[in-house]
Amino acid sequence: MSGDIHALSGAYAVDAVDDIERAQFERHLADCSTCRAEVDSLREAGALISHMSAAAAPDSLRASVLAGIQTVRPVPPVIAAAAERGRSTKRRFPLLVAAAALIAVGAAGATVIDVVRSDSSVEQASSSRTDRVLQASDAVRTPVRDLPGGGTVSVVRSASLKQAVILTEDMPAAPDLHTYELWLQRDGVMVPAGQIAGGTNTVLLDGDASTADAVGITIEAAGEPATEPSDEVVDVIGFEQA
Amino acid sequence: MNNLTPEPVGAPQGAPAAPGDVLSDLLRRSARGDQQAFAQLYDATSSRMFGLALRVVRDPAQAEEVAQEAFLEVWRTSTRFDPDRGSAISWLMTICHRKAVDRVRSAEASTRRDTSYTQQNQTIDHDTTADAAQASMEARRVRDALTGLTEVQREAIELAYFGGYTHTEVAGILDLPVGTAKTRIRDGLIRLRDKMGVHS
């Protein structure tokens, strides 16, 4: 079947695939730069067809779109991973072996964009430190991945600044009387690294991230940060690179 | 809070910027939260975006919803646009097309999608713009390029692009051997791409 997979590029470019084929082909795309380039070019061709169906949009659409962008925040830019090989994770937090799906950096989706932070309405004392991590020349970002309960997460780390920033999007709110806590995992030990609310956030992790293997998110009782992680693990994001 | 200042963009003084560059620039500025730039991007693309949604989902109210979702997705993920991989308009239309197809498939999920296709719809080489005189040069170029496709390629692409059918369904509708519709679609798109001078 693998010989056949390239033949889906045209159908995929115009969404003429079912969900299973889409998932299969997208996995293939991660490994096939030829197909990626072909899909891009065939999407250009497909887009041209929309000239044939052009129709004046109603004024109400313009109004609703321009109103909508006032409340929707552009996602942060993606920073291309450095080509260097990183440390591989030997030890893992025992309960999280199944959950810790360490993903190779450099997936097809990673792109280089101007490193600019979108305007944030939240001014924090650490925002400039956050900026410096995001804009560091050695900043490396894990691929954006889905959180099990909803939303997405990725982590940007600068080895030179010894800090990491976690970027979440559309995370569900923590349960009543609970909060999300962040952890840096070093040699199998989870060290408290701050807290994060549900929703869409960019948070600088406390502590030295340069020697960490992974970032963990758990659900803890609200109030004083826990010193040991609970069993309620949301996710573990590894820094491992292929 | 400092924003990195990008290198100067746009054409040198006196040279008109190619439309593609203009849209790419508007999208890049939108990624920085520039709502005015996004409004300009909307104005430059709304006919194609809404028109495509309308053609696929057929119902004007739903088309408006789909187009709105698509534009908000464009705004929300504008930082993810990579100009090295393709044009801004292709990126926008790809988002819109996906949403339109998802909508039409989910709307008909409870009832079996009608694969007994009859020539109810206008064929792909008929321009659907309301005022034929206003048909853009680009639309005419596309229509001409499409005449270079075989009839099966054209029909397969129409069913896929405007009908939102999967290639398997297209094969059924056109009475083609299973698995050959995706080849027709691919071949047709390649021909269209090459005739229109898209860089591959």
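Residues numbered from 1 in each chain as written. Chains lettered and ligands numbered in written order. Predicted model: local features only at pLDDT ≥ 70, side-chain atom pairs only at ≥ 80, totals over all residues. Heavy atoms only, no water.

Give a description of the overall build of chain A that names residues and reports values.
Counting its regular elements, chain A contains 6 helices and 9 strands. In chain A, which comprises 242 residues, the proportion classed as buried is 50%. Working note: accessible area of chain A is about 10900 Å², and carbon and sulfur atoms make up 53% of it. (Helix = DSSP H or I, 4+ residues; strand = E, 2+ residues; numbered from the N terminus. Buried < 20%, exposed > 50% of the residue type's maximum accessible area, 1.4 Å probe, protein only. Areas by Shrake-Rupley, 256 points an atom, 1.4 Å probe, with all protein chains shown as cover.)

How would you explain unusual backbone geometry if you had to name every residue and give the values?
In the Ramachandran plot, D170(A) falls in the positive-phi region, its phi being about 55 degrees despite a non-glycine side chain. Tracing the sequence through the fold places D170(A) in strand β4 (residues 163–171). Even without glycine at this site, D175(B) takes up a positive phi of about 60 degrees. Structurally, D175(B) is set in the loop between α7 (167–173) and α8 (181–196).

Can you lay out the pattern of salt bridges for me, pointing to particular residues and giving the numbers?
All names here are of chain A. Summed over all chains, the structure comprises 18 salt bridges over all chains. The residue R22 makes a salt bridge to E26 at a minimum N-O spacing of 3.3 Å. Highlighted residues: R22 and E26, both in helix α3 (residues 19–31), separated by 4 residues, approximately one helical turn. A relative accessible area of 9% places R22 in the buried class. Note on E26: relative accessible area 35%, which makes it partly exposed. (Salt bridge = Lys/Arg side-chain N within 4 Å of Asp/Glu carboxyl O.)

Explain empty space enclosed by the protein to me, using residue names and the numbers behind them.
Gaps left between atoms are located by rolling a probe of water-molecule size over the structure's atoms. Residues and elements named next belong to chain A. Applying the stated rule across the entire model yields 7 cavities of 30 Å³ or more. One number sums up the size of the second largest cavity: a volume of about 70 Å³. Taken together, 13 residues line the second largest cavity, and the ones lying closest to its centre are P76, R141, L167, T168 and E169. The set of elements that each furnish at least two residues to the lining of the second largest cavity consists of β3 (152–158), β4 and β7 (199–204). Residue composition of the lining of the second largest cavity, by class: 4 nonpolar, 5 polar and 4 charged. (1 Å grid on protein atoms, 1.4 Å probe; cavity = no way out; pocket = protein on both sides within 12 Å on 5 of 7 lines; lining within 4 Å. Points joined across faces, edges and corners; volume = space filled by probe spheres on them. Nonpolar A, V, L, I, M, F, W, Y, C, P; charged D, E, K, R; others polar.)

Outline the sheet that holds strand β9 (residues 233–238) of chain A, supporting the account with residue identities and numerical values.
Picture the strands of a sheet paired through backbone hydrogen bonds; they go either parallel or antiparallel. Residues and elements named next belong to chain A. The antiparallel open sheet is built from 4 strands, whose spatial order is β6-β5-β8-β9. With one partner strand each, in any of the chains shown, β6 (189–196) and β9 form the two edges of the open sheet. Averaged over neighbouring strand pairs, the angle between their axes works out to 30 degrees when direction is ignored. The sheet contact formed by strand β5 (residues 178–186) and strand β8 (residues 214–221) spans 8 bridges and is antiparallel. Counterpart to W183 in the pairing with β8 is G216. (Pairing = 2+ DSSP bridges. Axes fitted to C-alpha atoms, helices over the stretch in contact; angles between N-to-C directions.)

Explain the interface of chain B and chain A to me, and be specific about the residues and the numbers.
Accessible area lost upon the coming together of the parts is a frequently used measure of interface size. Taken residue by residue, the interface counts 74 residues in chain B and 67 residues in chain A. For the chain B and chain A pair, buried surface summed over both sides reaches about 6200 Å², with 59% attributable to carbon and sulfur atoms. For the interface between chain B and chain A, the tally reads 5 salt bridges. Where D43(B) meets R62(A), a salt bridge forms, and the shortest distance between an N and an O atom there is 2.8 Å. At the junction of chain B and chain A, the tally comes to 25 residue pairs in polar contact (both at pLDDT 80 or more). (Contact = heavy atoms within 4.5 Å. Buried area = accessible area lost by both parts, 1.4 Å probe. Polar contact = N/O pair within 3.5 Å; in protein donor to acceptor, adjacent residues only side chain to side chain.)

Summarise the state of the cysteines; cite the residues concerned and give the values.
Residues and elements named next belong to chain A. All told, the structure shown has 0 disulfides over all chains when counted by the stated rule. Summary of cysteine pairing: C32 is not part of a disulfide, and the nearest cysteine sulfur, belonging to C35, is at 3.6 Å. Residue classification places C32 among the buried positions, given a relative accessible area of 9%. (Disulfide = S-S within 2.5 Å.)

Summarise helix α2 (residues 35–57) of chain B; cite the residues concerned and give the values.
Residue and element names in this part refer to chain B. Spanning 23 residues, α2 covers only 28 Å between terminal C-alpha atoms, well under the ideal 33 Å at 1.5 Å per step. T45 marks where α2 bends most, by close to 60 degrees. Put simply, D34 is the residue that caps the front of α2, since its side-chain oxygen is 3.1 Å from the backbone nitrogen of Q36. Backbone geometry just downstream of α2 places R58 in the positive-phi region, at approximately 70 degrees. (Expected span 1.5 Å × (residues − 1). Bend = angle between axes of the 7 residues up to and from the residue.)

For the side chain of R145(A), give the residues involved together with the corresponding values.
All names here are of chain A. You can see R145 is positioned in strand β2 (residues 145–146). According to the relative accessible area criterion, R145 is buried, its value standing at 11%. A polar contact is formed between the side chain of R145 and the side chain of D235, at a distance of 2.8 Å.

So, the nonpolar core: which residues are in play, and what are the values?
Buried together is how nonpolar side chains tend to be arranged in soluble globular proteins. Counting residues in each nonpolar core, the largest one holds 79 residues, and the members touching the most others are F38(B) and V74(B). Top contributing element to this core by residue count: α2(B), with 11 residues. For V74(B), the residues in contact, after removing those within four places along its chain, are L27(B), F38(B), L41(B), M49(B), W91(B), L92(B) and I95(B). In this structure, V155(A), A193(A), L205(A) and V215(A) belong to the second largest nonpolar core, which totals 21 residues. (Core = buried A, V, L, I, M, F, W, Y, C linked by side-chain atoms within 4.5 Å.)

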